[in-house]
Amino acid sequence: SHTYENKSPPVTEHSIYDIASITKILSTTPIIMKLVSQKKINLDHPVKQYIPEFDGPFKNKVTLRHLLTHSAGLEPYIEYFLEDKIKSKNEIINDIINRELLFEPGSQMKYSDLGMILLAEVISIVQNKSFKSLAEKYIFTPFNMENTSFNPSKELLHQIVPTEIDNRFRKRLVHGEVHDENAFILGGVAPHAGIFSTAKDIGNYFQMLLNGGTWLGKRYFNSSIINQFTKRQNIPINSDRAIGFDTPSRNGKSSAGDFFGDLSFGHLGFTGTSVWADPENDIIIVL
């Protein structure tokens, strides 16, 4: 059921969920894949090339690859939604740009929402189009993801599963609006969280990835770029991160469980959602 109430509607394949951090591989990462394919960006270019203000000791060494493998040295998370002085996207970007790094790029892996926010800024500088329109153009529309969007229409509320009762920030039930507080103050459209989707829609997108870039007979990505982005990067050595995607961790405590093979890739969402694909067994599991 959608909630614990007796009269709550049952969950069906049409139920829409806030997929939280799966947003990172359903929008930010494939948009970057497109731009790399079009030779508009290079993963080993420094962030400074696109955002000159991102400069200083070690900062000038941070590349787009570092951001996508969570090895740039950025803070994992800042509660911008609690800061009185920071309310707009530009203020958040400026704060990220002006922060000191926690470690030398490439020397550690610390999962960071801030890196994704910085990546979206690079995307908007290169493309001069809104992040939302690029996600729709490159991902949602081509793969028939009919129930996938940022800020879903209120008319779909009966299909949307509530996330939780927020006692900390909004003091109400979070239903049909993004759960992530920083994405919320960014207007619901963010590169790290904000997409609402169904298991079927996410399955469509992942089937395209398993197909090596084709969907219903048409090619959207080269298989080489999919292999490049879904492969472990070893930045730093023994990190399980691919480029944007995650892979099953090798310490026996993987969110992918115990049976996904070494070539598998996927991602978790903070709201309890996850998606994993195993190319060797040709299987996709969406929770």
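Right above here is the structure, for reference.
Overview of the structure. If you're wondering where the values come from, they're calculated on a predicted model, not measured in any experiment. (Residues numbered from 1 in each chain as written. Predicted model: local features only at pLDDT ≥ 70, side-chain atom pairs only at ≥ 80, totals over all residues. Heavy atoms only, no water.)

**Let's talk about the overall build of the protein**
The following threshold applies: In DSSP terms, a helix is any run of H or I states spanning at least four residues, a strand is any run of E spanning at least two, and both are numbered starting from the N terminus. Any residue under 20% of the maximum accessible area for its type is buried, any over 50% is exposed, and the rest in between are partly exposed; the area is computed with a 1.4 Å probe on protein chains only. By the convention used here, residues are in contact when the closest approach between their heavy atoms is within 4.5 Å.
The secondary structure content of the protein amounts to eight helices and ten strands. Each of the three principal axes of the protein carries a C-alpha extent, and together these read 60 × 50 × 40 Å. When the 287 residues of the protein are sorted by exposure, 54% land in the buried category. Summarising the internal contacts of the protein: among those between residues at least 6 apart in sequence, 60% fall at separations of at least 24.

**Brief notes about the pairing of strand E9 (residues 274-278)**
Using the following cut-off: Each pair of strands is called paired provided DSSP finds at least two bridges between the two strands.
Within E9, five of the five residues are buried, which leaves it mostly tucked inside the rest of the structure. Pairing between strand E8 (residues 265-268) and E9: four bridges, direction antiparallel. For Leu268, the partnering residue across the bridge sits in E9 and is Ser274. Pairing of E9 with strand E10 (residues 283-286) involves four bridges; the strand directions are antiparallel. Within E10, the residue paired with Ala277 across the bridge is Ile284. Counting the residues in the hairpin turn of E9 and E10 gives four residues, including Asp282, whose phi is positive at 50°.

**Some words on the side chain of Thr148**
Heads up, the condition is: Within 3.5 Å is the distance limit for a polar contact, defined as a pair of N or O atoms, with the added protein rule that one can donate a hydrogen and the other accept it, and that residues adjacent in sequence qualify only through two side-chain atoms.
Within the secondary structure layout, Thr148 lies in the loop between helix H5 (131-140) and strand E2 (149-150). By relative accessible area, Thr148 is classed as buried at 6%. At 2.7 Å, the side chain of Thr148 forms a polar contact with the side chain of Asp201.

**Quick notes on the packing of aromatic side chains**
Put simply, the test is: Stacked, tilted and edge-to-face pairs are distinguished by plane angle, under 30 degrees for stacked and over 60 for edge-to-face with tilted covering the rest, among Phe, Tyr and Trp rings (Trp via its six-membered ring) whose centres lie within 6.5 Å.
Per the stated rule, a full pass over the model turns up twelve aromatic pairs. The interplanar angle of 45° and the centroid separation of 6.2 Å between the aromatic rings of Phe140 and Phe150 together place this pair among those described as tilted. A residue pair is termed long-range when its members are at least 10 positions apart, and Phe140 in helix H5 and Phe150 in strand E2 qualify at ten residues. Overall, the relative accessible area of 5% leaves Phe140 in the buried class. Its relative accessible area of 3% is what places Phe150 among the buried residues. Ring centres of Phe143 and Tyr205 lie 6.3 Å apart, and the angle between their planes is 45°; on these two criteria the pair is classed as tilted. Note that Phe143 is positioned in the loop between H5 and E2 and Tyr205 in helix H7 (residues 199-210), a separation of 62 residues in sequence. With relative accessibility at 0%, the residue Tyr205 sits in the buried group.

**Considering the sheet that holds E10**
Where we set the bar: Here an angle of 0 to 180 degrees is reported between the N-to-C directions of two axes, which are lines fitted to C-alpha atoms, with helices fitted over the stretch in contact.
Ordered by their spatial adjacency, three strands build an open sheet running E8-E9-E10, and the pairing between neighbours is antiparallel. Of all the strands in the sheet, the pair left with one neighbour each is E8 and E10. Here the average twist between neighbouring strands, direction ignored, is 10°. Strands E8, E9 and E10 of the sheet are contacted by H7, whose axis makes an angle of about 150° with E10.

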